[in-house]
There are 2 protein chains.
Amino acid sequence: MRILYVEDEKFLAEAVIHLLKKERINVDHAADGEEGLKLALKPNYDVIVLDIMLPKMSGLDILKTVRHRGIKTPIIMLSALNEVEDKVRGLDFGADDYLAKPFKSIELIARIKALVRRPALSEAKVLNFEDLKLNLTNRTLNGVELTDKEARIFEMLIKTPGSAITKEQILAYVWGSEVEFEENYVEVYISYLRKKLKSLKSKVEIKTIRNLGYKLCSKN
Amino acid sequence: MRILYVEDEKFLAEAVIHLLKKERINVDHAADGEEGLKLALKPNYDVIVLDIMLPKMSGLDILKTVRHRGIKTPIIMLSALNEVEDKVRGLDFGADDYLAKPFKSIELIARIKALVRRPALSEAKVLNFEDLKLNLTNRTLNGVELTDKEARIFEMLIKTPGSAITKEQILAYVWGSEVEFEENYVEVYISYLRKKLKSLKSKVEIKTIRNLGYKLCSKN
DNA sequence: ACTAAGTTTTAAGGTTGATTTAATTTGTGT
DNA sequence: ACACAAATTAAATCAACCTTAAAACTTAGT
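The rules behind these values
- Residues numbered from 1 in each chain as written.
- Chains lettered and ligands numbered in written order.
- Predicted model: local features only at pLDDT ≥ 70, side-chain atom pairs only at ≥ 80, totals over all residues.
- Heavy atoms only, no water.
- Near = heavy atom within 4 Å.
- Polar contact = N/O pair within 3.5 Å; in protein donor to acceptor, adjacent residues only side chain to side chain.
- Helix = DSSP H or I, 4+ residues; strand = E, 2+ residues; numbered from the N terminus.
- Pairing = 2+ DSSP bridges.
- Contact = heavy atoms within 4.5 Å.
- Axes fitted to C-alpha atoms, helices over the stretch in contact; angles between N-to-C directions.
- Salt bridge = Lys/Arg side-chain N within 4 Å of Asp/Glu carboxyl O.

Brief notes about the protein's contact with DNA strand D
Move 1: Close to DNA strand D lie 24 residues, the nearest being R194(A), T208(A), Y214(A), T208(B) and Y214(B).
Move 2: Taking all atoms of DNA strand D within 4 Å of the protein, the share assigned to sugar and phosphate is 65%.
Move 3: Within the side chain of S191(A), an N or O atom sits 3.3 Å from a phosphate oxygen of DNA strand D.
Move 4: Here R210(A) contributes a side-chain N or O atom positioned 3.3 Å from a sugar or linking oxygen of DNA strand D.
Move 5: Secondary-structure elements contributing two or more residues to the surface near DNA strand D are α8 (183-199) of chain A together with α8 (183-199) of chain B.

Here it is as C-alpha cells:
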C-alpha cells in the first residue's frame, strides 16, 4: 500500500512516517502544497492524507484540484483547528474522512486501512465485457498475461464499455500527469493490446475514434 | 510454545511470567497497549493474553485490530472487572476465552494449553495443489523440510492457487509489522522455494508477475 | 557456557523483460 | 492527393527481480 502524506510540520511528519512504515505502508511525503499537488496527480496512491494549513497552497485547494481532475483516490484531511467549518468544507469538496489534530498515529493508521480495505487474499478482482474477462488479481485477460501498463489501460477501457476515453485520460491514469506527454506511449500499448485480442480471437476490438480516443466494442 | 502477555500491573505480571516459565512456556511481555499491539501483530505467538484495562490502548482495541488484520492466533482476555459486558464484547470481537481477575495462575496455564491443543486435534494442516502436498504440522513439502519462513510463504501461495499475492502481503503475513520493509527478503525466500520445487521435480512453479507479485501455477 | 547446526538477514552483482524511444509505415478525412 | 493522425516495429534503456554467499543470529545438545 502506498500513500501520499502532505504535511509541513517536519517533526510530526517524521514521527508519523516512521510509524506508517512500520505498518508496511509506503509513504511519499510532500512538505508544501505545490509539491503535494504535483504528487497527488500521480496515479500511484491508495490514499492521500492532506494537512489543511500548508505553505504555498492549502490542502483544501489540493483536494479541489484533484477531485476536479476526476481522480477518485480516497482523501483524508487533517486540521490543526478542530473547526467544524473546515470539516464540513473538506467533506463537501469530496474528502472521504477528516481527522482533527492532535491525533494518535494509531487512529490515522486505522482510518487509512478503513478506506483501503483491500479484498481478502482469495477474492479476485474481475471485470467482464462480452467474451472477455480481465482478472486484475493475476493480471490476465482470458488467460493471456498482460504487463502492468497493458492491464491498466485495458482496465480503463473495460470499465467504460461503449464510451470512448482519450489518450490524455489514459496518460493521466497510467503514467501520471508529471510525465512529458508522449501520446505515442498510448499508441504503442494499444497496438500491443490489439495483438493480444487478436491472438485470443475475441469478438471484441479496440476502436479508434480519430482526434478523440479509443473505445471497446463488439466487432461488425 | 511462545505466548504474548500484555499486562500493566507489574507485580502480577512478574508472578505469572515466573510460573509460565516453570511450565516451559516462553513469554513475551508488554506493559502497555501500544507495545502490546506491536508485538501482537508479529506472527510469533501460539496464544495472546490481553488484559483489558491498559495504558495507551485497551485490550479490546488490540483484539479488534489483530482480528481485523486476519490474524487468527487464539486470544484470552483478562478483566479486573468481572463484568459481563466486557466478556460479551471480547468474545464478540473474536476472543477465544475469558478469565476474570483475580485468577489463579494454574487456571490461566490450563486455558492456554487448552487453546494450543485445539487446532492440532481438529484440523490436519495439509494443503494440496497439483502434485504438491504442504504439511504445516511438520513443515514439509512432499517430504522435503521447509524452514519457518519458507513454509509460511508457501502456505500463502498454495492457499490462493489462481491469483497472485504481492510482496507486501507476504511481508505483512510472514514478517509482521516490525521490520523495516525489505522486499529482498521475499525475493531470497522465493528463490529458495524455487530451488526446492526443482529438487522435487514438481510440475508446479512459482511465477513472477512483474510489479505485482507471485503466483503458483502448473508448468507449460 | 560452549559449540555446532540450522536459519535468517544483508549486500552485491548479474539477468531479464517491461518500458521507452525513435524511425517508418499505414490509414483517414478533406 | 495531401496533410496529419495513428499504428507498427525493433533497438536501447532501465528498474525490477534473481541469485549467491557470507555475516549475523538462534537453537539445541553436550
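A look at the sheet that holds strand β12 (residues 213-218) of chain A
Residue and element names in this part refer to chain A.
Move 1: On the basis of which strands lie adjacent, the open sheet formed by 3 strands has the order β10-β12-β11 and antiparallel pairing. Taken across any chain shown, the strands that pair with only one partner, and hence form the sheet edges, are β10 (165-166) and β11 (204-209).
Move 2: Pairing of β10 with β12 involves 2 bridges; the strand directions are antiparallel. Residue pairing in the sheet places T166 in a bridge with G213 of β12.
Move 3: Against the sheet, α8 touches β11 and β12, its axis set at about 155° to β11.

A short note on the pattern of salt bridges
Residue and element names in this part refer to chain B.
Move 1: Under the counting rule described, the total for this entry stands at 18 salt bridges over all chains.
Move 2: Residue D61 pairs with K64 through a salt bridge whose shortest N-O separation is 3.6 Å. Taken together, the positions of D61 and K64, both in helix α3 (residues 59-68) and 3 residues apart, correspond to about one turn of that helix.
Move 3: Across the pair E150 and K196 runs a salt bridge, and its minimum N-O distance is 2.9 Å. Note that E150 is positioned in helix α6 (residues 148-159) and K196 in helix α8, a separation of 46 residues in sequence.

Quick word on the sheet that holds strand β7 (residues 132-135) of chain A
Residue and element names in this part refer to chain A.
Move 1: The 4 strands are arranged β6-β7-β8-β9 in an open sheet whose pairing can be described as antiparallel. If you trace the sheet from one side to the other, it starts and ends with β6 (126-129) and β9 (144-145), each paired once.
Move 2: Note that β7 and strand β8 (residues 140-141) share 2 bridges and pair antiparallel. In the strand pairing of β8, L134 is matched with L141.

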